[in-house]
Amino acid sequence: SSPTPEPTTFLPRPTSKPTATGTPLPAPALLAPSERQDFFEDAEIVLTWQSVGELPSDVYYEVIVAYSHLGATWYDEVPWTRDTSWTMSEHSYLLDLSDDGRYQWSVQVVHQTGVDAKGQPVGVPLSPPSEVRTLSWRRASGGGGGSGNTPAPPPP
């Protein structure tokens, strides 16, 4: 089996952050996947959004992925990026953590002002958050609480 990435931290995210003088950039426009798109475990899931323009060296896109785990909302630790996409399926451990296989995601432009005690970037928003989209990502059969209505393809 493949090596397991570092476990994520599951502390509740603050519901509001201090903002730099207003939010001078527009919210990123989400491109794909579309709202409520369904994926099975072996799918490549690439979250993509529209660029808000050239970013200064200390400005990033913060991708926020939230899901229900044991009845509480947890957030995946997604690296901040200067790209306009992030491959969610590289975090395959999420398949075993979500109560219902549903994930909500959004993107916000942030200005990095430093790092926290764990070396994670911290900063202030430069844009409002994008819209929030939901997707489903489940195992094709077997484990998990899926409906089991979709048969697995026969082996080759």
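Refer to the structure above for everything that follows.
Residues numbered from 1 in each chain as written. Predicted model: local features only at pLDDT ≥ 70, side-chain atom pairs only at ≥ 80, totals over all residues. Heavy atoms only, no water.

Q: Go over the sheet that holds strand β1 (residues 30–32), please, and point to the residues and values.
A: Read from one edge to the other, the open sheet built from three strands follows the order β1-β3-β6, with strand pairing classed as antiparallel. Edge strands, defined here as strands with exactly one partner in the open sheet, are β1 and β6 (85–87). Across this sheet, the average inter-strand angle for adjacent strands is 25°, counted without regard to direction. (Pairing = 2+ DSSP bridges. Helix = DSSP H or I, 4+ residues; strand = E, 2+ residues; numbered from the N terminus. Axes fitted to C-alpha atoms, helices over the stretch in contact; angles between N-to-C directions.)

Q: I'd love a proper account of the packing of aromatic side chains, names of residues and values included.
A: If you walk through the whole model with that rule in mind, you get four aromatic pairs. When the ring of tyrosine 67 is compared with that of tyrosine 103, the centres are 5.7 Å apart and the planes differ by 55°; the resulting orientation is tilted. With tyrosine 67 in strand β4 (residues 59–69) and tyrosine 103 in strand β7 (residues 102–115), this residue pair connects regions lying 36 residues apart in the sequence. Both residues of the pair, tyrosine 67 and tyrosine 103, belong to the buried class. Directly above the aromatic system of tyrosine 60 lies the positively charged group of arginine 82, at a separation of 5.8 Å from the ring centroid. (Phe/Tyr/Trp six-rings, centres within 6.5 Å; stacked < 30°, edge-to-face > 60°. Buried < 20%, exposed > 50% of the residue type's maximum accessible area, 1.4 Å probe, protein only. Lys NZ or Arg CZ within 6 Å of the ring centre and 35° of its normal.)

Q: Would you mind going over unusual backbone geometry in detail, with residue names and values included?
A: Omega for the bond connecting alanine 32 with proline 33 falls within 30 degrees of zero, at 0°, which places this linkage in the cis form. With respect to the helices and strands, the residue proline 33 is situated in the loop between β1 and β2 (37–40). Even without being glycine, arginine 36 reaches a positive phi, approximately 65°. Note on placement: arginine 36 falls in the loop between β1 and β2.

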